[in-house]
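# Secondary and tertiary structure notes
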Amino acid sequence: MTLGGQISNGHYDGAGLTNGAAASQLSRNLDRNCPARADDMFVPIPSLVWRLYRQLVRTDVQYFARPDALPNADILKLYSLSAPAPNGSNTIYPTILVDLQQPEDALWNGVEHKNRKVIRQAAREGVTVMEDLSKQSWDAFSAAYARLKGFKKNIGAMCVGHVSDLAAKGNFVLTASRTANGNILSWHGYAHCRDQVCLINTVSATNLTNDSHQNNLVGRAHRLHHWQDMLRFKAQGVAFYDLGGVYPGTEDQKQANIAKFKRGFGGAAVDRSAATL
């Protein structure tokens, strides 16, 4: 989850290998082959190197289930599967899965008491959450992640190419929480297809100089953000909300704290599988 220069799904997602006029012409040629939404909705453009790779190796990305008919691709990448894919290279990982089919009251009662209190406070402070996959929102999201990456060297890649694939199919959702004045506090990016969603990107607009007032506000907004996303997806008929994996250990305290945060929204601990065929 970073800007260019990082690894995206096992492929380098950085700056181009060439420059100058040749690179510009090559980029224009590849742009014509980039995924595009028929409805002219915004689709993030991945790096030149990623586009070059995709010209050489046709790759299809799917979530939640293997497609009924195999796509015309050299590699099929499957994510958030309920069981390992036969004849594939599988990685099994733990996550938290919230059942959105239950009544809203039951969903609310599944949220930890402390989180419910914080969610109410954020709502009183005028924090709102809305879906916004626009270029302006994406650019702000990318810039915030780049700042975070510069401060925290151990966070992963932003996977722009992965997101581009999903967005071109209409399977990527970006939501943002905002203050009453419209300032963005957090972003959530989801894979959304079939009757499930999976959190794949998240960035908080924390103050890297440790402004405690701002960071506490962001923390409250982040909890409201998850709750409002769950309600929005529930209203759209989504059945399951996957929090995108949790750290199972205790050695890395920061990752353990993130796992505790995710468990605070209720849900069941389950194993998911990612596969390459």
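Look above for the structure.
For the structure given in this document, a descriptive report is provided here. What you see is a predicted model; the values in this text were computed from it and never measured. (Residues numbered from 1 in each chain as written. Predicted model: local features only at pLDDT ≥ 70, side-chain atom pairs only at ≥ 80, totals over all residues. Heavy atoms only, no water.)

Here the focus is helix H8 (residues 253-263). Taken as a whole, H8 has its buried residues at Ala256, Ala259, Phe261 and Lys262. In this fold, the buried residues of H8 make contact with strand E5 (89-99), helix H4 (113-124) and helix H7 (212-235). Looking at where H8 begins, the residue whose side-chain oxygen comes 3.2 Å from the main-chain nitrogen of Lys254 is Asp252. (Buried < 20%, exposed > 50% of the residue type's maximum accessible area, 1.4 Å probe, protein only. Helix = DSSP H or I, 4+ residues; strand = E, 2+ residues; numbered from the N terminus. Contact = heavy atoms within 4.5 Å. Polar contact = N/O pair within 3.5 Å; in protein donor to acceptor, adjacent residues only side chain to side chain.)

The subject of this paragraph is the nonpolar core. For soluble globular proteins, the rule of thumb is that nonpolar side chains tend to be buried together. If you look at the biggest cluster of nonpolar residues, it comprises 29 residues, and the most contacted ones within it are Leu100, Trp227, Phe233 and Tyr241. Going through the elements one at a time, E5, helix H3 (104-110), H4, strand E8 (184-193), strand E9 (196-204), H7 and H8 are the ones with two or more residues in this core. Take this core: its biggest share by element is 8 residues, from H7. (Core = buried A, V, L, I, M, F, W, Y, C linked by side-chain atoms within 4.5 Å.)

Before going further, it helps to examine the state of the cysteines. Tallied over the full model, the rule gives 0 disulfides. No disulfide involves Cys193; its nearest neighbouring cysteine sulfur is the one of Cys198, lying 9.5 Å away. The class for Cys193 is buried, based on a relative accessible area of 13%. (Disulfide = S-S within 2.5 Å.)

Our next topic: the packing of aromatic side chains. With the rule as written, the count across this model stands at 10 aromatic pairs. Ring geometry for Tyr63 against Tyr79: centres 5.2 Å apart, planes inclined by 25°, an arrangement best described as stacked. Here the residue Tyr63 occupies a position in strand E3 (residues 59-63), and Tyr79 occupies one in strand E4 (residues 75-81), the gap between them amounting to 16 residues. Residue Tyr63 is classed as buried on the basis of its relative accessible area, which comes to 4%. Here Tyr79 falls in the buried class, since its relative accessible area comes to 17%. Arranged with centres 6.3 Å apart and planes meeting at 45°, the rings of Phe233 and Tyr241 form a pair that is tilted. The pair Phe233 / Tyr241 is uniform in exposure class, with both members buried. Ring pairs connect the aromatic residues Trp138, Phe141, Phe172 and Trp187, which therefore count as one cluster. (Phe/Tyr/Trp six-rings, centres within 6.5 Å; stacked < 30°, edge-to-face > 60°.)

Our next topic: unusual backbone geometry. Phi is positive for Phe64, close to 80°, though the residue is something other than glycine. Note on placement: Phe64 falls in the loop between E3 and E4. On the basis of relative accessible area, Phe64 is assigned to the buried category, the value being 6%. In this structure, Arg194 is a non-glycine residue whose phi angle is positive, near 55°. Take Arg194: it is sitting in the loop between E8 and E9.

Reading across from one edge, E3-E4-E11-E5-E10-E9-E8-E7-E6 is the order of the 9 strands in this open sheet, with mixed pairing throughout. Since the sheet does not close on itself, it has two edges, and those belong to E3 and strand E6 (128-131), each with one partner. Each adjacent strand pair in this sheet contributes to an overall mean axis angle of 25°, direction not counted. Note: E5 against strand E10 (residues 240-242), 3 bridges, orientation antiparallel. Paired with Val98 across the strands is Tyr241, a residue of E10. (Pairing = 2+ DSSP bridges. Axes fitted to C-alpha atoms, helices over the stretch in contact; angles between N-to-C directions.)

Another aspect to go through is the side chain of Asp60. Relative to the helices and strands, Asp60 resides in strand E3. A polar contact of 3.3 Å, which involves the side chain of Asp60, links it to the side chain of Lys169. Every residue in contact with Asp60, bar those within four places of it in the chain, is listed here: Pro71, Ala73, Ile75, Leu76, Lys77 and Lys169.

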